[in-house]
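Reading the structure
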Amino acid sequence: MPRYLTDQDIADFRAELCRVATERFARYGYDGVTMRQLAEALGCSPKTPYRYFKDKADILSTVRAQAFARFAETLEAAAATATNPIDRMRRVGGAYMRFAAEHPHAYRIMFEIDQPIDGSNADLVRESDRAHRLITSRSEELAAAGLIDVDPQLFGWSLWAASHGVVMLQKAGMLKHGPDQRTLGEFLGMTMFRGAAKVKK
């Protein structure tokens, strides 16, 4: 007689499937992972994952949405500890670097796997937008306070591009004989801020 699954059983299995999938997608990419491999890693029938997700693309969208949510929560928590726009920019930048270092699999599936972020997964759209707004809103806050004299959207996206570049250099092992990731990130952020700062007349 089949065992009845409780809501907790279902939630636990989904969580474990997502944990395994995050690690596998990060290591092997989308094409290097199959539903059968995920089932084997979980010790279940090849058909079992299909009871919880439509297909492999659905699993990837779900774990990416979860990663963006954790990422956004980390940045939000950092922003909440600051008392002024400049300190908030620095703290959010530091949180970005820490997240990338502490959650490499999550970071990779967010930014290194080519999957459209469209209406096919509302959670992924919402959480990726949330993360993007948290990063670029720091520059809008600086502009509103009269601290920078450049297009805040361009400045925010430039800060994001610089931060991602530092993370990728670290992941490629290119910072072994250079500054550490945090130091380089802070230097880039403050240098860009000084270049964009409003000149007092």
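Rules used in this analysis
Residues numbered from 1 in each chain as written. Predicted model: local features only at pLDDT ≥ 70, side-chain atom pairs only at ≥ 80, totals over all residues. Heavy atoms only, no water. Helix = DSSP H or I, 4+ residues; strand = E, 2+ residues; numbered from the N terminus. Buried < 20%, exposed > 50% of the residue type's maximum accessible area, 1.4 Å probe, protein only. Contact = heavy atoms within 4.5 Å. Areas by Shrake-Rupley, 256 points an atom, 1.4 Å probe, with all protein chains shown as cover. Lys, Arg positive; Asp, Glu negative; His and termini not counted. Charge placed at Lys NZ, Arg CZ, Asp CG, Glu CD. Polar contact = N/O pair within 3.5 Å; in protein donor to acceptor, adjacent residues only side chain to side chain. Expected span 1.5 Å × (residues − 1). Disulfide = S-S within 2.5 Å. Phe/Tyr/Trp six-rings, centres within 6.5 Å; stacked < 30°, edge-to-face > 60°. Lys NZ or Arg CZ within 6 Å of the ring centre and 35° of its normal. Axes fitted to C-alpha atoms, helices over the stretch in contact; angles between N-to-C directions. Parallel < 35°, antiparallel > 145°, perpendicular 65-115°, else oblique. Left-handed = near helix turned anticlockwise from the far one by under 90°.

A word on the overall build of the protein chain. Helix and strand content of the protein chain: eight helices and zero strands. Each helix and strand of the protein chain, ordered N terminal to C terminal, gives the series α-α-α-α-α-α-α-α. Based on the C-alpha atoms only, the size of the protein chain along its principal axes is roughly 80 × 35 × 30 Å. For the protein chain, with 201 residues in total, the buried portion stands at 40%. Looking at the protein chain alone, contacts between residues at least 24 apart form 69% of all its contacts between residues at least 6 apart. As displayed, the protein chain offers around 11500 Å² of accessible surface, 54% of which is attributable to carbon and sulfur atoms. The protein chain carries 28 positive and 25 negative side-chain charges, and their two centres are separated by 3 Å.

Within the fold, Asn-121 resides in the loop between α5 (104-111) and α6 (122-144). A polar contact of 2.9 Å, which involves the side chain of Asn-121, links it to the backbone nitrogen of Leu-124. Those residues in contact with Asn-121, other than ones at most four positions away along the chain, are Asp-58, Ser-61 and Thr-62.

Turning next to the environment of Phe-68. Mapped onto the secondary structure, Phe-68 falls in helix α3 (residues 56-80). Owing to a relative accessible area of 3%, Phe-68 belongs among the buried residues under this scheme. Remark: the alpha-carbon pair of Phe-68 and Arg-126, spanning 58 residues in sequence, is separated by 9.2 Å. Not counting residues within four places of it along the chain, the set of residues in contact with Phe-68 comprises Met-110, Phe-111, Ile-117, Leu-124, Glu-127, Ser-128 and Ala-131.

The next subject is helix α8 (residues 181-196). Taking 1.5 Å of rise per residue, 16 residues should cover 22 Å, and α8 covers 23 Å from first to last C-alpha, within 8% of that figure. Every buried residue belonging to α8 is among Gln-181, Leu-184, Gly-185, Gly-189, Met-190, Phe-193 and Ala-196, and all of these are buried. Packing partners of the buried residues in α8 comprise α4 (85-102), α6 and α7 (152-171). N-capping of α8 is provided by Asp-180, with a side-chain oxygen placed 3.1 Å from the backbone N of Arg-182.

Another point: the state of the cysteines. In this structure the tally under the stated criterion is zero disulfides. Summary of cysteine pairing: Cys-18 is not part of a disulfide, and the nearest cysteine sulfur, belonging to Cys-44, is at 13 Å. Owing to a relative accessible area of 3%, Cys-18 belongs among the buried residues under this scheme.

In this structure the tally under the stated criterion is 10 aromatic pairs. The interplanar angle of 20 degrees and the centroid separation of 5.2 Å between the aromatic rings of Trp-157 and Trp-160 together place this pair among those described as stacked. Within this pair, Trp-157 and its partner Trp-160 are both found in helix α7, separated by three residues, close to a single helical turn. Assessed through its relative accessible area of 11%, Trp-160 is described here as buried. In this structure, Lys-56 packs its charged tip against the face of Tyr-30, placed 4.1 Å from the ring centre.

Before going further, it helps to spend a moment on the side chain of Thr-62. Within the element layout of this structure, Thr-62 appears in helix α3. For Thr-62, the contacting residues outside a window of four places in its chain are Arg-14, Cys-18, Phe-53 and Asn-121.

Attention now goes to the packing of helix α1 (residues 7-28) against α5. What describes two packed helices is the angle between their axes and the distance between those same axes. The geometry of α1 relative to α5 is characterised by a closest axis approach of 9 Å and an angle of 65 degrees between their N-to-C directions. The pairing of α1 with α5 is recorded here as roughly perpendicular in orientation. Taken as a pair, α1 and α5 cross one another with a handedness that is left-handed. For the pair α1 and α5, contact is made by Thr-22, Glu-23, Phe-25, Ala-26, Arg-27 and Tyr-28 and by His-105, Ala-106, Arg-108 and Ile-109, respectively.

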